[in-house]
Amino acid sequence: MEQDNLSAKQNPDWALFLPAVSSFYISGLGKQRKGEEYFDPARIPAQFNGDVEKLNFLNSKEGLYYYKWGLYSAGHANLDTTKDDPSESIIREREAGTFMLGDSGGFQILKGQWPADWKDPNCPKAMIKRKAVLNWMDTYMNYGMCLDIPSQSLTTFHMKDPKTIEKDKEGNDIPGSGVSLHGISTIQEAITATHINNEYFINNRSGKCKFLNVLQGRTHTQSDDWYDEMKKYCDPNIYPDNHFNGWAFGGQNKIDVHLMLTRMIDIIHDGLLVEGKHDLIHCLGTSILEYAVLFTDIQRAIRKYHNPKLLLTFDCASPFFSAAKGLAYFNTNIEHNKKWSYSMEKTAEKKSYANDTRKYRDAVLAEGIHKVFTDSPVTDKLVMKDLCYRGQGFLGQHNKETKTSWDTLSYTLLQSHNVWMHMNAVQEANRQYEQGIVPKMLIHKFEGSKFFGELVDEIFSKKTKQEAINLIDYHSRYWMQFQSGSQGISGKKTENAMTNFDKFFDVIDTPKFEEIIEDSDDAMNEALGE
């Protein structure tokens, strides 16, 4: 199988998927390409000819597949730009012509991993991290997000710095004692903290990286308030030389189509989506397959009537996260008037396969592990033992027999397979949509399969803001049939429900995921913590 050039297959008319790259995935590959023998040559699959650089999809010459776009988080990165870091060379030293969007690390704030009082402009811990993130973005990223405080931080205010928790005489924690790891207990405090970060970014950016103004809020009211507070940072009249260069939709904005369209209309009619000044809108953590074509329709309409250079992008970490759970993408379901999904399930993991030289796909089908299995450029070059490497009696780091047949390279191989499957599925969804294959989610009960694209076109064609808003509001019942597999509230239960990871992936015989999807690197650390 020759290199699959997914970059060449990407139609510029489509919205663009950005894989949220795992630091675990690039670490070993980066060390290997810089001369360190991180992976034993004898361990590398035979058809790789000793070169794991084939798993670097940003490498147009050596990668098994080439996809020149991605997202990487400052929350995973080594923020010290003064020292060489081989583990990050795939990002730092990527070839010219590739594109990387930097996530700022707000997720690490809500998880309490960057402890500070973020609402205090004089907090030294917050300032150290704020400076480091901006410098890292300006050094390595094409676009970056401002350091926003996610709406969900309110739900983790209770997490306390262990050093500040008081003890009673028996040594038990005193209820109510201790200092919050981030200090954000209300949406207004999240807004205040984000203002502090935005002001620092806008006044200290070098101009090398273009920045996105991140919009948060867990309800329509919170989202409206957030936009009203933050929109000034994109205004060339207020910041003629250093305004932000686009938008990132987080919280409810990214998955509630009614709110999403309303916010886009707000931005356009406020003069804040101007060609050459604000050419990118990114939707954070959006994994549902149907949204790939939904975003394409929106991008098409905005380009037609307002900004011909607009690029609408979206990301998710699902390919990396699922691999950490031992799940392989094995098929994609794209049928007319049906639910679209990526299918994944537990794949081969047995020590008895450590000497199995059958082609991977043939073996998993023969063993009944998968009823169907779509090969990727990665699995096409694997035999069974390449994934299930550790046999009976294999000793790990602590001279104890390992629990599973998988090692670090096993997870890396599966992640690479899953990433290709996800990229290919998004592109295939757009191809099928152009041929009239429409997911059930977008089909109007009475108006038919072309309704969504036609309605979006009409919305953005309106001459006045109020006409567009009225049309969006008129179809409020239609927007209720839309649902998203990412964090947030949408669909018919927008009043009181969150969505689950496996509701929008066909996950076979596996435990349900939590509503807030954990970090893919955290999941990998747990998987390898034998």
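Our structure is the block above this text.
Report on the accompanying structure. Not measured: the values here are computed from a predicted model.

1. A closer look at the overall build of the chain
If you tally the helices and strands in the chain, you get 17 helices and 13 strands. Taking 2.2 N^0.38 as the reference for a compact globule, 530 residues should give roughly 24 Å; the C-alpha atoms of the chain span a radius of gyration of 23 Å, in line with that estimate. Partitioning the contacts of the chain with sequence separation of at least 6, the portion at a separation of at least 24 is 75%. About 22,000 Å² of surface is accessible on the chain, with carbon and sulfur atoms providing 47% of the total.

2. Focus: the pattern of salt bridges
Under the counting rule described, the total for this entry stands at 22 salt bridges. Here Lys 231 and Asp 270 are joined by a salt bridge, their closest N and O atoms 3.6 Å apart. Linking Lys 231 in the loop between α7 (220-230) and β8 (246-249) with Asp 270 in the loop between α8 (257-269) and β9 (280-283), this pair joins segments that are 39 residues apart in sequence. On the basis of relative accessibility, which here comes to 32%, the residue Asp 270 falls in the partly exposed class.

3. Side note on the pairing of strand β10 (residues 311-316)
Remark: a regular strand shows side chains that alternate across the two faces of the sheet. Counting buried positions along β10 yields 5 of 6 residues, so the element is predominantly enclosed. Note: β9 against β10, 4 bridges, orientation parallel. Note on β10: the bridge partner recorded for Leu 280 is Leu 311.

4. Observations concerning the nonpolar core
Counting 150 residues, the largest nonpolar core has Ile 298, Phe 452 and Phe 460 as the members making the most contacts within it. Of the residues forming this core, the biggest block, 12 residues, is contributed by helix α13 (residues 408-434). If sequence neighbours within four positions are ignored, Phe 452 has contacts with Val 257, Leu 294, Asp 297, Ile 298, Tyr 433, Leu 442, Tyr 478, Trp 479 and Phe 482.

5. Some words on the sheet that holds β10
Strand order in the open sheet formed by 8 strands is β2-β10-β9-β8-β7-β6-β5-β4, with parallel pairing between adjacent strands. The strands lining the two open edges of the sheet, one partner per strand, are β2 (16-19) and β4 (69-73). Mean inter-strand twist for the sheet, computed between neighbouring axes without regard to direction, equals 25°. Running at roughly 165° to β8, α8 makes contact with β7 (210-215), β8, β9 and β10 of the sheet.

6. Section: the packing of helix α14 (residues 451-461) against helix α15 (residues 465-474)
One way to put it is that α14 packs onto α15 with a least axis distance of 8 Å and a crossing angle of 150°. What the angle tells us is that α14 and α15 run roughly antiparallel. Here Leu 455, Glu 458 and Ile 459 of α14 come into contact with α15, specifically with Ala 468, Leu 471 and Ile 472. When grouped by side-chain class, the residues that make up the contact of α14 with α15 number 5 nonpolar, no polar and 1 charged.

7. Some thoughts on the pairing of β2
Burial along β2 is two-sided: Leu 16 and Leu 18 and Phe 17 and Pro 19, pointing in opposite directions, are all buried. Two strands pair when backbone bridges link them, and β2 and β10 are joined in this way by 4 bridges, in the parallel orientation. Across the sheet, residue Pro 19 finds its bridge partner in β10, namely Cys 316.

8. Some thoughts on the packing of α8 against α14
Any two packed helices are characterised by the angle at which their axes cross and by the distance between the axes. Where α8 contacts α14, the axes come no closer than 11 Å and their chain directions differ by 30°. The orientation of α8 relative to α14 falls into the category roughly parallel. Crossing hand, α8 versus α14: right-handed. Residue-level inspection shows Val 257, Leu 261, Met 264, Ile 265 and Ile 268 of α8 in contact with α14, the latter providing Phe 452, Ile 459 and Phe 460. Residue composition of the contact of α8 with α14, by class: 8 nonpolar, no polar and no charged.

9. Quick notes on the environment of Gly 28
Within the secondary structure layout, Gly 28 lies in helix α2 (residues 23-33). Separated by 381 residues in sequence, Gly 28 and Leu 409 have C-alpha atoms that sit 8.4 Å apart. Setting aside chain neighbours within four positions, we find Gly 28 in contact with Tyr 38 and Phe 39.

10. As for α14
Buried residues of α14: Phe 451, Phe 452, Leu 455, Val 456, Ile 459 and Phe 460, and no others. Down the axis of α14, the buried set is contained in an arc of 150°. They therefore lie on one face. Where α14 is buried, its residues contact α8, α9 (290-305), α13, α15 and α16 (476-479).

11. Examining the environment of Phe 330
Position of Phe 330 relative to the elements: it lies in strand β11 (residues 327-333). Relative accessible area serves as the criterion here: at 9%, Phe 330 is assigned to the buried category. Sequence separation between Phe 330 and Ile 44 is 286 residues; the distance between their C-alpha atoms is 23 Å.

12. Overview of the packing of aromatic side chains
Scanning all chains against the criterion turns up 24 aromatic pairs. On the numbers, 6.1 Å between centres and 45° between planes, the contact of Tyr 72 with Trp 136 is tilted. Of this pair, Tyr 72 sits in strand β4 while Trp 136 sits in helix α5 (residues 124-140); the two residues are 64 residues apart in sequence, bridging distant segments of the chain. Like Tyr 72, the residue Trp 136 is buried in the burial classification. Members of the aromatic cluster, joined through ring pairs, are Phe 201, Phe 211, Tyr 233, Tyr 239 and Phe 244.

13. Structural notes on the side chain of Arg 92
Residue placement: Arg 92 occurs in helix α3 (residues 89-92). A polar atom in the side chain of Arg 92 sits 2.9 Å from the backbone oxygen of Asn 78. Excluding anything up to four places from it in sequence, Arg 92 contacts Asn 78, Asp 80, Thr 81, Lys 83, Asp 84, Asp 85 and Tyr 140.

14. Points about unusual backbone geometry
Even without a glycine there, the phi angle at Asn 49 is positive, about 55°. Here Asn 49 shows up in the loop between α2 and β3 (65-66). You can call Asn 49 exposed: its relative accessible area is 66%.

15. Overview of the state of the cysteines
By definition, a disulfide links the sulfur atoms of two cysteine residues through a covalent bond. Taken as a whole, this structure holds 0 disulfides when the rule is applied. Cys 123 forms no disulfide, and the closest cysteine sulfur to it belongs to Cys 146, at a distance of 18 Å. Cysteine Cys 283 shares no disulfide, and the gap to the nearest cysteine sulfur, in Cys 316, comes to 13 Å. For Cys 283, a relative accessible area of 0% corresponds to the buried category.

16. Section: α7
Because an α-helix completes one turn every 3.6 residues, residues spaced three or four positions apart along the sequence face the same direction. Within the sequence span of α7, burial applies to Ser 223, Trp 226, Tyr 227 and Met 230. Mapping the buried residues of α7 onto a view down its axis gives an arc of 100°, with all of them on the same face. Its buried side turned inward, α7 meets α6 (187-204), β7, β8 and α8.

What counts as what
Residues numbered from 1 in each chain as written. Predicted model: local features only at pLDDT ≥ 70, side-chain atom pairs only at ≥ 80, totals over all residues. Heavy atoms only, no water. Helix = DSSP H or I, 4+ residues; strand = E, 2+ residues; numbered from the N terminus. Rg over C-alpha atoms; globule rule 2.2 N^0.38 Å. Contact = heavy atoms within 4.5 Å. Areas by Shrake-Rupley, 256 points an atom, 1.4 Å probe, with all protein chains shown as cover. Salt bridge = Lys/Arg side-chain N within 4 Å of Asp/Glu carboxyl O. Buried < 20%, exposed > 50% of the residue type's maximum accessible area, 1.4 Å probe, protein only. Pairing = 2+ DSSP bridges. Core = buried A, V, L, I, M, F, W, Y, C linked by side-chain atoms within 4.5 Å. Axes fitted to C-alpha atoms, helices over the stretch in contact; angles between N-to-C directions. Parallel < 35°, antiparallel > 145°, perpendicular 65-115°, else oblique. Nonpolar A, V, L, I, M, F, W, Y, C, P; charged D, E, K, R; others polar. Left-handed = near helix turned anticlockwise from the far one by under 90°. Arc of directions from axis to C-beta. Phe/Tyr/Trp six-rings, centres within 6.5 Å; stacked < 30°, edge-to-face > 60°. Polar contact = N/O pair within 3.5 Å; in protein donor to acceptor, adjacent residues only side chain to side chain. Disulfide = S-S within 2.5 Å.

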